[in-house]
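Take a look at the letters that make up each chain.
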Amino acid sequence: MGWIERCDFTERVKNQIGYASICERYAHEDVDALVELITEILCSTAGEIRLGKEQIPIEIIQSRFRQLTQMHIEYVLDSLQKTTTKINHIKAYLLTALYNAPTTMGFFYSAEVRHDFSRK
């Protein structure tokens, strides 16, 4: 894949996730890093990629990354800010967080709401 095609993918990712809006709330460097990781996956020609302890076919990962929205990116960034555990392999952590965001975000926010209401 050439440089121009990669730049096109980067712009598509930025449009997909509402880049300008996210950058109003979060550090540009953090958002840019996630955009780069997403673009890297969408442009990958690898057969499989390791996420967690599993080798997952790239097509499955790419399909999930095409589902990412502004809410998913904010969820990942918020979760990262709240994490107090030492992260040894940040790239692997972020790729796994992005991959899981579409399936875990709803449960996370439901649990947060239940927790907030139980404190009142």
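Residues numbered from 1 in each chain as written. Predicted model: local features only at pLDDT ≥ 70, side-chain atom pairs only at ≥ 80, totals over all residues. Heavy atoms only, no water.

## Thoughts on the side chain of T10
The test is simple: Per the convention used, a helix needs a DSSP run of H or I reaching at least four residues, while a strand needs a run of E reaching at least two, with both numbered from the N terminus. Only protein chains enter the accessibility calculation, which uses a 1.4 Å probe; a residue is then buried when its area is under 20% of its type maximum, exposed when over 50%, and partly exposed in between. By definition in these notes, contact holds between two residues if any of their heavy atoms fall within 4.5 Å.
Assignment of secondary structure puts T10 in helix α1 (residues 3–17). Exposure remark for T10: the relative accessible area of 17% places this residue in the buried category. Discounting residues that sit within four places of it in the chain, T10 has contacts with V35 and T39.

## Here we look at the packing of aromatic side chains
Spelled out, the test is: Centres within 6.5 Å make a pair out of two Phe, Tyr or Trp rings, where for Trp the six-membered ring is used; the pair is then stacked when the planes are under 30 degrees apart, edge-to-face when over 60, and tilted otherwise. Only Lys NZ and Arg CZ are tested; either one counts as a charge over a ring when it is within 6 Å of the ring centre and within 35 degrees of the ring normal.
Going through the model one piece at a time under the given rule, you end up with 0 aromatic pairs. Lying over the aromatic face of Y19, K14 brings its terminal NZ or CZ to 4.6 Å of the ring centre.

## Looking at the pattern of salt bridges
Cut-off, in case you're wondering: Any Lys or Arg side-chain nitrogen located within 4 Å of an Asp or Glu carboxyl oxygen qualifies as a salt bridge.
Scanning the model with the defined rule gives 2 salt bridges in all. Between E74 and R25 there is a salt bridge, and its shortest N-O distance comes to 3.5 Å. Here E74 is found in helix α5 (residues 70–82), whereas its partner R25 is found in the loop between α2 (19–23) and α3 (28–43), with 49 residues between them in sequence. A residue is classified by how much of its surface remains accessible, and R25, at 54% relative accessible area, is exposed. Between K91 and E40 there is a salt bridge; the shortest N-O distance is 2.7 Å.

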